[in-house]
Amino acid sequence: VLTEATTPAAYLGAFSGWRQSYASALHAAVMEAVPAFDARIKWGHMVYFMNGPALLVRVEPTRVLLGLWRGQRLRHIEPRLRPGGKFEMATLALTEGTPLERETVMALAREAARLN
């Protein structure tokens, strides 16, 4: 656990530099795409719930991770999603300078919500 934050705002505020910028941009795009998501801190990072967990944003020392519980079904939207973990989880590891379009994040969020 990198932070003791208990709210998404506190989580985002616990980091700085490019990691904070990326995580904030991801959070904003996800919430704009699916305002009904219940964003909360779970398992030490931000998890977005709709009928259970749908996606996560996790800030790590050298990357920001975007994870989707049904991400293996979303590789047609973002082919860089890598399968792993339980269920149909897939993740995209972002390092400084990794390109990721806002529209792609929004499409992933909308589809993650729909699949839940």
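Heads up: the structure comes first, above all this text.
So, how was this worked out
- Residues numbered from 1 in each chain as written.
- Predicted model: local features only at pLDDT ≥ 70, side-chain atom pairs only at ≥ 80, totals over all residues.
- Heavy atoms only, no water.
- Core = buried A, V, L, I, M, F, W, Y, C linked by side-chain atoms within 4.5 Å.
- Buried < 20%, exposed > 50% of the residue type's maximum accessible area, 1.4 Å probe, protein only.
- Helix = DSSP H or I, 4+ residues; strand = E, 2+ residues; numbered from the N terminus.
- Contact = heavy atoms within 4.5 Å.
- Pairing = 2+ DSSP bridges.
- Axes fitted to C-alpha atoms, helices over the stretch in contact; angles between N-to-C directions.

**A look at the nonpolar core**
By size, the foremost hydrophobic cluster in this structure holds 34 residues, and its most contacted members are Phe37, Tyr48, Leu55, Val57, Leu66 and Leu68. Taken together, the elements giving at least two residues each to this core come down to helix 1 (8–13), helix 2 (17–33), strand 2 (45–49), strand 3 (53–59), strand 4 (64–68), strand 6 (90–94) and helix 3 (102–115). With seven residues, helix 3 is the single largest residue contributor to this core. In this structure Leu66 touches Leu26, Leu55, Leu56, Val57, Ala90, Thr91, Leu92 and Leu108, once residues within four positions along its chain are discounted. Counting residues in each nonpolar core, the second largest holds five residues, with Val47, Phe49, Leu56 and Met89 among its members.

**A word on the sheet that holds strand 4**
Strand order in the open sheet formed by six strands is 1-2-3-4-6-5, with antiparallel pairing between adjacent strands. This sheet does not close on itself; its edge strands, each paired only once, are strand 1 (38–42) and strand 5 (82–83). In this sheet, strand 3 lies alongside strand 2 in antiparallel orientation, the contact comprising four bridges. Counted as the bridge partner of Met46 is Val57 from strand 3. Running at roughly 25 degrees to strand 4, helix 2 makes contact with strand 1, strand 2, strand 3, strand 4 and strand 6 of the sheet.

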